[in-house]
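Summary of structural features
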Amino acid sequence: MATLTFFFATIQAKVEALGLAPELETLVHQQLVPAIYLERVAARGTRAERRHELHRRSRELSAPLRQPDSPLQHLDAERRREIETVAAECGDLFQRNSSCVEGRNGQLALHHHGKHRLSNRKLDVLTAVHNYFIRRPDGTTAAERGTQAGPFAAELRQVGLDAELLRLGYNGP
């Protein structure tokens, strides 16, 4: 929810900074930014049918903006380019902003990219390192954040691994 709030607040601020008339501001919000966003998504699409549908929808949204009676066409070319540049930044913003949620999947993709196949054992080790050893600036691990009680702490002590983990830098729950 915070990501979407940030996204829409940022777009609102960028478009308001242009100082447009309300009618033109509405067109930018409802047609220009979505059309540019759909073009970007279509360019990255893997299925041709989906790409064509996204391109078609993008053209439908942007076609009225290119008509002679559009308020956008009444502006000089430089002002139009400025508005389109800001709209493109807004369209790109959601893609860049949403990429932060990739986290672990993105990290694993980097490993997979270089090796094309991770063994199950290596995948398990990478998961354990991610969950129990990598700490955020606030000092918490993914496991601590996930359960607030440090999962498997009792089991680790029972098999005598807690001392070894402490030696390696794991502070536990």
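See the structure above.
Here we summarise the structure given alongside this text. (Residues numbered from 1 in each chain as written. Predicted model: local features only at pLDDT ≥ 70, side-chain atom pairs only at ≥ 80, totals over all residues. Heavy atoms only, no water.)

1. Considerations on the nonpolar core
Membership of the largest hydrophobic core comes to 19 residues, with the highest contact counts inside it found for Ile11, Leu20, Val28, Leu32 and Ile83. Of all the secondary structure elements, the ones that give two or more residues to this core are helix H1 (2–16), helix H2 (22–44) and helix H4 (77–98). Once you skip the residues sitting within four places of it in the chain, Val28 turns out to touch Val15, Leu20, Val33, Pro34 and Ile83. Core analysis: the second largest hydrophobic core is formed by six residues, Ala35, Val41, Ala42 and Leu61 among them. (Core = buried A, V, L, I, M, F, W, Y, C linked by side-chain atoms within 4.5 Å. Buried < 20%, exposed > 50% of the residue type's maximum accessible area, 1.4 Å probe, protein only. Helix = DSSP H or I, 4+ residues; strand = E, 2+ residues; numbered from the N terminus. Contact = heavy atoms within 4.5 Å.)

2. Description of the side chain of Arg80
Assignment of secondary structure puts Arg80 in helix H4. No salt bridge is formed by the buried Arg80. Its closest oppositely charged neighbour is Glu84, at 5.0 Å. Within the structure, Arg80 has its side chain in polar contact with the backbone oxygen of Leu75 (distance 2.8 Å). Arg80 has contacts with Leu72, Gln73 and Leu75, leaving out every residue within four places of it along the chain. (Lys, Arg positive; Asp, Glu negative; His and termini not counted. Salt bridge = Lys/Arg side-chain N within 4 Å of Asp/Glu carboxyl O. Polar contact = N/O pair within 3.5 Å; in protein donor to acceptor, adjacent residues only side chain to side chain.)

3. Description of a nonpolar patch on the surface
A grouping of Val125, Val129, Phe133 and Ile134 is seen on the molecular surface, where their side chains present a nonpolar patch of about 290 Å² in accessible area. Assignment of secondary structure puts Ile134 in the loop between helix H6 (120–132) and helix H7 (142–147). By relative accessible area, which is 40% here, Ile134 ends up partly exposed. (Patch = residues over 30% accessible without salt bridge, like charges linked within 9 Å, V, L, I, M, F, W, Y side chains within 5 Å. Areas by Shrake-Rupley, 256 points an atom, 1.4 Å probe, with all protein chains shown as cover.)

4. Details of the pattern of salt bridges
If you walk through the whole model with that rule in mind, you get six salt bridges. Across the pair Arg40 and Asp92 runs a salt bridge, and its minimum N-O distance is 2.7 Å. Highlighted residues: Arg40 in helix H2 and Asp92 in helix H4, separated in sequence by 52 residues. Residue classification places Asp92 among the partly exposed positions, given a relative accessible area of 23%. Between Arg56 and Glu53 there is a salt bridge, with the nearest N and O atoms lying 2.5 Å from each other. Of this pair, Arg56 and Glu53 are both found in helix H3 (residues 48–66), three residues apart, which corresponds to roughly one turn of the helix.

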